[in-house]
Amino acid sequence: MKNLGRNAPCPCGSGKKYKKCCLHTSTVKGDYVYTDLDQLSNEVPTLIKQGELDEAEAVCQRLIEQYPEQIDGIHRCAEVYEAKGEKLKAARYYRKTAEFAKQADGFDEESVKFFLKQADRLAGDDAR
C-alpha cells in the first residue's frame, strides 16, 4: 500500500476514509500500513507458535472487546482453541467466523466456505 492517501479507504476495512480512521494509529512497514488492529491480531499466531496459549486467548478477548466490528477476534479465537485441542469450541468459533463473513462487506463466498470447512474438519456436523 505505497502512498496510502488520507482520502483512501482505510486498510482496516471499516469503510471509513483512512484520515478518519487509522491514520494516527498506524505504522508503516515496507509497503504495508499496520494498524493497531493488525498489530494486535498478528500477536496471536506468534503467541500460539511460542506455546503461550492463555496469553493468545487473552489477546483474542481484547480484539473482540476493542474491535467488535472486525472479524479478527473471533477468527483468532478459533485458531487458539484449535491449538489448545478444544476442537468443538474451535469449530463453534469457525462457524461464528463464517457467519460474520457472510454478513460483512469484503468477504467472498470462498472465505465463508473455508471457515465452514475448518469447522467441519474439527467437529463435523456435531458442532452445528
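Cut-off values and rules
- Residues numbered from 1 in each chain as written.
- Predicted model: local features only at pLDDT ≥ 70, side-chain atom pairs only at ≥ 80, totals over all residues.
- Heavy atoms only, no water.
- Helix = DSSP H or I, 4+ residues; strand = E, 2+ residues; numbered from the N terminus.
- Core = buried A, V, L, I, M, F, W, Y, C linked by side-chain atoms within 4.5 Å.
- Buried < 20%, exposed > 50% of the residue type's maximum accessible area, 1.4 Å probe, protein only.
- Contact = heavy atoms within 4.5 Å.
- Salt bridge = Lys/Arg side-chain N within 4 Å of Asp/Glu carboxyl O.

Engineer: Help me understand the environment of K89 in this model?
Structural biologist: Along the chain, the position of K89 falls in helix α4 (residues 87-103). Sequence spacing of K89 and A123 is 34 residues, and the spatial spacing of their C-alpha atoms is 9.0 Å.

Engineer: Got a minute to help me understand the nonpolar core in this structure?
Structural biologist: Nonpolar side chains in soluble globular proteins tend to end up buried together. Grouped together as the largest cluster of nonpolar side chains are 29 residues, with contacts concentrated most on V44, V59, L63, Y93, Y94 and F115. Secondary structure elements with two or more residues in this core: α1 (36-49), α2 (53-66), α3 (72-83), α4 and α5 (109-123). Tallying contributions element by element places α4 first for this core, with six residues. Those residues within four positions of V44 in sequence are excluded, and the remaining contacts are A56, V59, C60, L63, R76 and V80.

Engineer: What's the story with the environment of L88 in this structure? I'm lost.
Structural biologist: Its place among the elements puts L88 in helix α4. C-alpha of L88 to C-alpha of A119: the two residues are 31 residues apart in sequence and 8.3 Å apart in space.

Engineer: So what exactly am I meant to see when it comes to the pattern of salt bridges here?
Structural biologist: Between side chains of opposite charge, a pair can form when the charged atoms approach closely. Under the criterion given, the structure shown has eight salt bridges. For K84, the salt bridge goes to E57, with nearest N and O atoms at 2.4 Å. Placement of the pair is K84 in the loop between α3 and α4 and E57 in helix α2, with a sequence separation of 27 residues. Given a relative accessible area of 27%, K84 falls into the partly exposed group. The shortest N-O distance in the salt bridge between K113 and E109 comes to 3.5 Å. Here K113 and its partner E109 are both found in helix α5, four residues apart, which amounts to about one turn of the helix.

Engineer: Whenever I open this one, the side chain of H75 confuses me. Can you help?
Structural biologist: Along the chain, the position of H75 falls in helix α3. The exposure class of H75 is buried, given its relative accessible area of 18%. Those residues in contact with H75 that sit more than four places away from it in its chain are Y94, T97 and F115.

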